[in-house]
Amino acid sequence: MNLRYYHHLLLLPLLSLLASCINDDYSSCVQYSLTVSQTDSIGNALTAEVKGNMMAYLFIDGKFDRIVTSDPDGSYKISYDGKLGNASLVAIGTSQKDSANMFTPAVGTDMNAMSVSVKRDSITGEYLLPSSLYYGTYDISSQTAGSGAVYGNIIMKNKPARLHVVIRQLKQYFGDRDYRVELSGFRSKMTYSGKITGDSIVYSPSSSFEGADQLVTKPINTFPTQDGEYLTVSVYCNASANGGKSRASAKSLIWDTNRDIDGNLVKLNSGDDKVVIVDCSSRDLVLTVMPWAVYTQHVVIP
């Protein structure tokens, strides 16, 4: 290939950056070419599903400006007038399309007013969130105006946490009943600035007894706990209304607990995959917290 022609081809993506600067004076034009890293914040490869469901949002001075589509090579080309201030490119990708409620943006919307939220099953009322909901942001400085294109990578972080609950010797100490586990201390939304917010929500995962006397819930996917808020595990049983004369049922609280074996309140962070274990034979009903992978290997802390 003719080297001069090849050089011209290399310039084409950069020229496309300049095209969105408003006037012929490019001294205030900020230009970036950003790509999403192939691996996430802990080194795991991003799946094809997450890449295929990726959306990128440009915010200038904290306000939504536009959705940025990727070029065939996967890069996001950005240019704007640096006089408008600093900017951020926010990328969000999920493992399943339409598996979370995505805010429909309007130009000028504050990024803290835009959010991704859990879905709710219209039949069961169950709160739903995909196991993979990746979030990444790249800060763009207006100080780079007029200096040519800046290249960078967006590192994605999987925001949901995954939680299982195991309750031991429940029947032995509280009887053979119809039990219900509720998990509280969670919020329904994550803003496009990455903050956890929204309404308080309570998860009621289905559960079943395994082994002799061990109640195990199905895992939940949830946003991490908000700063200053913590997990509470509550166990209810169905109690017949009207002294047992009616078939109607109402739940009755058996116990709840929110501290671990060391007396600390329990938080969930992004990317956690944990199990909390409660042993009803213990004098104090506390939460033993460990990675799910450790639990499944039968390395169980007494």
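Being a predicted model, the structure only gives us computed values, none of them experimental.

Chemist: What should I look at first to understand the pairing of strand β14 (residues 179-191) in this one?
Modeler: As a general feature of sheets, a regular strand has side chains that alternate between the two faces. As paired strands, strand β7 (residues 115-117) and β14 are joined by 3 bridges and run antiparallel to one another. Across the sheet, serine 115 pairs through a bridge with threonine 191, a residue of β14. Pairing of β14 with strand β15 (residues 196-203), which is carried by 5 bridges, proceeds in the antiparallel orientation. Paired with methionine 190 across the strands is isoleucine 196, a residue of β15. What sits between β14 and β15 in their antiparallel hairpin is a turn of 4 residues, with glycine 194 showing a positive phi close to 90°.

Chemist: It is not clear to me how the sheet that holds strand β4 (residues 75-81) should be interpreted in this structure. Could you clarify?
Modeler: Strand order in the open sheet made by the 3 strands is β4-β1-β11, with mixed pairing throughout. At either margin of the open sheet sits one strand with a lone partner, and together these are β4 and β11 (150-154). Pairs of neighbouring strands in the sheet enclose a mean axial angle of 25°, with direction left out of account. One ladder, built from 5 bridges, connects strand β1 (residues 29-36) with β11; its direction is parallel. Residue pairing in the sheet places leucine 34 in a bridge with glycine 152 of β11.

Chemist: Teacher, can you tell me more about the pattern of salt bridges here?
Modeler: One side chain can pair with another of opposite charge once the charged atoms of both are near each other. Summed over the entire model, instances satisfying the criterion amount to 8 salt bridges. One salt bridge connects aspartate 110 with lysine 63, and the closest N-O pair in it is separated by 3.2 Å. Separated by 47 residues along the polypeptide, aspartate 110 in the loop between β6 (101-102) and β7 and lysine 63 in strand β3 (residues 63-68) bring together distant segments of the chain. The partly exposed category is assigned to lysine 63, whose relative accessible area is 37%. For glutamate 182, the salt bridge identified is with arginine 180, shortest N-O distance 3.0 Å. Here glutamate 182 falls in the buried class, since its relative accessible area comes to 9%. Several salt bridges converge on common partners, so that one network encompasses Arg180, Glu182 and Lys251.

Chemist: What exactly am I supposed to notice about the packing of aromatic side chains here?
Modeler: Summed over all chains, the structure comprises 9 aromatic pairs. Centre to centre, the rings of tyrosine 32 and tyrosine 138 are 6.1 Å apart; their planes meet at 65°, and the pair counts as edge-to-face. Separated by 106 residues along the polypeptide, tyrosine 32 in strand β1 and tyrosine 138 in strand β10 (residues 133-140) bring together distant segments of the chain. Here the guanidinium or amino end of lysine 171 rests over the ring plane of phenylalanine 209, the centre of that ring lying 4.2 Å away.

Chemist: Would you take a moment to explain the sheet that holds strand β12 (residues 157-158) for this structure?
Modeler: What links the strands of a sheet is backbone hydrogen bonding, and the strands pair in either a parallel or an antiparallel sense. Reading across the sheet, the 5 strands line up as β3-β2-β5-β10-β12 and stay open at both edges, with antiparallel pairing between neighbours. Of all the strands in the sheet, the pair left with one neighbour each is β3 and β12. With 6 bridges connecting them, strand β2 (residues 55-60) and strand β5 (residues 87-94) associate as antiparallel partners. By the bridge assignment, alanine 56 is partnered in β5 with alanine 91.

Chemist: In this structure, what is going on with the nonpolar core? I would like to understand it.
Modeler: Nonpolar side chains in soluble globular proteins generally cluster together in the buried interior. Counting residues in each nonpolar core, the largest one holds 42 residues, and the members touching the most others are Ile167, Leu183, Phe186, Tyr192, Leu231 and Val233. If one sorts the elements of this core by residue count, β14 sits on top with 5 residues. Residues contacting tyrosine 192, with those up to four places away along its chain left out, are Tyr57, Phe59, Val90, Ile92, Met102, Phe103, Met111, Met114, Ser115, Val116 and Tyr135. Within the second largest apolar cluster, 21 residues are counted, among which are Ile60, Tyr76, Tyr80 and Met156.

What counts and how
- Within any chain, residue numbers begin from 1 and follow the written order of that chain's sequence.
- Local features in a predicted model are, by the rule used here, given only for residues with pLDDT of at least 70; side-chain atom pairs are given and counted only at 80 or more, and totals for whole chains, interfaces and linings are based on all residues.
- Each side-chain value is derived from all of the structure's non-hydrogen atoms; neither hydrogens nor water enter the calculation.
- Each pair of strands is called paired provided DSSP finds at least two bridges between the two strands.
- The way it works is that DSSP assigns letters per residue, a run of H or I at least four long becomes a helix, a run of E at least two long becomes a strand, and they are numbered from the N terminus.
- Angular values range over 0 to 180 degrees, each being the angle between N-to-C directions of two axes fitted as lines to C-alpha atoms, with helices fitted over their stretch in contact.
- By salt bridge we mean one thing: a side-chain nitrogen of Lys or Arg within 4 Å of a carboxyl oxygen of Asp or Glu.
- Using a 1.4 Å probe on the protein chains alone, a residue whose accessible area is under 20% of its type maximum counts as buried, one over 50% counts as exposed, and one in between counts as partly exposed.
- What counts as a ring pair is set by centres within 6.5 Å for rings of Phe, Tyr and Trp (its six-membered ring), and what kind of pair is set by the plane angle: stacked under 30 degrees, edge-to-face over 60, tilted for all other angles.
- Our definition puts a charge over a ring when NZ of Lys or CZ of Arg is within 6 Å of the ring centre and also within 35 degrees of the ring normal.
- We call a set of buried residues a nonpolar core when its members are Ala, Val, Leu, Ile, Met, Phe, Trp, Tyr or Cys and they connect through side-chain atoms within 4.5 Å of each other.
- Contacts: residue pairs with any heavy atoms within 4.5 Å of one another.

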